[in-house]
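# Chains, contacts and geometry: an overview
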Amino acid sequence: MKKKVVIAGVVVAVIAVAAGISAMRKKPVEEETLIPVVNVENPQMGSIELYRSLVGKVEPSDVVYIYPKAAGEITDVFDLAAGDMVQEGQPICKIDTKQVEAARLQMESAQQAMNDANTNLGRQQALFAAGDIASVAFEQAQTQAKNAQIAYDSAKLNYDYQVEFANVTAPISGKVETCNIEVHDNVASQVLLAVISGAGSKSITFSVPEKVVTELHVGDPISVDKNGTDYQGTINEVSSMIDDSTGLFKVKASVENGDALPTGSTTKLSVISDRADNVLTIPVDAVYYSGGDAYVYTYDNGTVHYVPVEVGLYDSKKAQILSGINASDEVITTWSSELYEGSQVQKADPNAAADTQAADASAETSADAQSADNAESTE
């Protein structure tokens, strides 16, 4: 009898559990709809610059090509070689022009004639003062003395020139790029003796097409890359004539602290190819395209609007907006699959985001401190 009672109790319990599960299944479950949270940003006035990569040639800002001013034989070379540094006025070589001695003799002869003319003028002046000669004779003595002075000055100038021609010196301070002269070489006015580049800044020469040259101006910055090292420069010359050999416009820029750039080498550089100043801009990631047409999503009191826009210049960060929105619009900068015309979104609280970042930073600092304490305890 007891066995039957137990079995009956178990059956009743099972029926009760089944009834409870059935009742729970029949009870409707309310699903909560999540509203996307998006970041918004007002368009800002700014500038966009696009850069073009080019190849330029390194040259010294100051370069001097030294040629002899008179033909002759090199009698001395003052221990000079490519790579040496020289100072302005430092001797480079001596040339026997066969003219120095002749010029010296001519100068000495002119000096003797000048001395004789001055001596005669002194005598004539004393006689003229005593009334022993006419004024015409005195004037002739004055003219002779003046002509003798002119002849001497001319002869001395020629002698000085011949000495200068024979003694070749560095016209500027800098680095000797080439020096191919030896004692007993016979040189003429068309023979290159040496090349000296000025110390300090270097220059970069490059060529650009007409479309680019219109965007380049004196004072614009350039970026130079040589073997992984970046140098900054400034454009100081923009040619207004096409180079017949290349069909391009030649541009020259100076590079400060470019001593490490080898003269004559080629290098990569970047210049501004296009720019837009004081224009309306938004983050480039906020612009979408459909069939080649650009559009953005704007936020309006919790509602999303699909707005076609016209895009001008753009780079990796910003896009120029020509039409479609203005500075007061709130552009959605967060992508979401729930963005479409009329959808509902929630604007993110920038203060809350800042607080979250601060809290994360504080937690990270605390974790680092705890790790350091544990490390010290272990030691």
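Coordinates for the structure precede this section.
None of these values were measured; they are calculated from a predicted model.

### Regarding the nonpolar core
Counting 19 residues, the largest nonpolar core has Ile204, Phe206, Val208, Leu216, Val224, Leu269 and Val271 as its most contacted members. Going through the elements one at a time, strand E3 (44–60), strand E12 (202–208), helix H4 (210–213), strand E13 (221–226), strand E14 (229–242), strand E15 (249–255) and strand E16 (266–283) are the ones with two or more residues in this core. Counting residues per element, this core draws most heavily on E15, which supplies four residues. The contacts of Leu269, once residues within four sequence positions are left out, are Arg52, Ser53, Leu54, Val55, Gly56, Ile204, Phe206, Ser223 and Val224.

### Quick look at the pattern of salt bridges
Evaluation of the coordinates by the stated rule reveals seven salt bridges. A salt bridge links Arg104 to Glu108; the shortest N-O distance between them is 2.6 Å. Within this pair, Arg104 and its partner Glu108 are both found in helix H2 (residues 100–130), separated by four residues, close to a single helical turn. As a salt-bridge pair, Lys268 and Asp225 come within 3.8 Å of each other at their nearest N and O atoms. Placement of Lys268 in strand E16 and of Asp225 in strand E13 is noted, with a sequence separation of 43 residues between them. Overall, Lys268 belongs to the exposed group, its relative accessible area being 53%.

### Structural notes on the environment of Ile133
Considering the arrangement of structural elements, one finds Ile133 in the loop between H2 and helix H3 (135–166). Look at Ile133 and you get partly exposed, because its relative accessible area is 21%.

### Thoughts on the packing of aromatic side chains
Summed over all chains, the structure comprises seven aromatic pairs. Relative to Phe138, the ring of Phe128 has its centre 4.9 Å away and its plane inclined at 5 degrees; by these criteria the two rings are stacked. Within this pair, whereas Phe128 is found in helix H2, its partner Phe138 is found in helix H3, the two being separated by 10 residues in sequence. Residue classification places Phe138 among the buried positions, given a relative accessible area of 13%. Aromatic pair Tyr161 and Phe165: ring centres 6.0 Å apart, planes at 10 degrees, arrangement stacked. Taken together, the residues Tyr161 and Phe165, both in helix H3 and four residues apart, mark about one turn of the helix. The class for Tyr161 is partly exposed, based on a relative accessible area of 41%. The structure contains a cluster of three or more aromatic residues connected by ring pairs, namely Tyr288, Tyr295, Tyr297 and Tyr306.

### Overview of the sheet that holds strand E11 (residues 194–198)
If you walk across this open sheet you meet the four strands as E4-E11-E9-E6, and the pairing is antiparallel. Whereas interior strands pair on both sides, the edge strands pair on one side only; in this sheet they are strand E4 (63–66) and strand E6 (85–86).

About the thresholds
Residues numbered from 1 in each chain as written. Predicted model: local features only at pLDDT ≥ 70, side-chain atom pairs only at ≥ 80, totals over all residues. Heavy atoms only, no water. Core = buried A, V, L, I, M, F, W, Y, C linked by side-chain atoms within 4.5 Å. Buried < 20%, exposed > 50% of the residue type's maximum accessible area, 1.4 Å probe, protein only. Helix = DSSP H or I, 4+ residues; strand = E, 2+ residues; numbered from the N terminus. Contact = heavy atoms within 4.5 Å. Salt bridge = Lys/Arg side-chain N within 4 Å of Asp/Glu carboxyl O. Phe/Tyr/Trp six-rings, centres within 6.5 Å; stacked < 30°, edge-to-face > 60°. Pairing = 2+ DSSP bridges.

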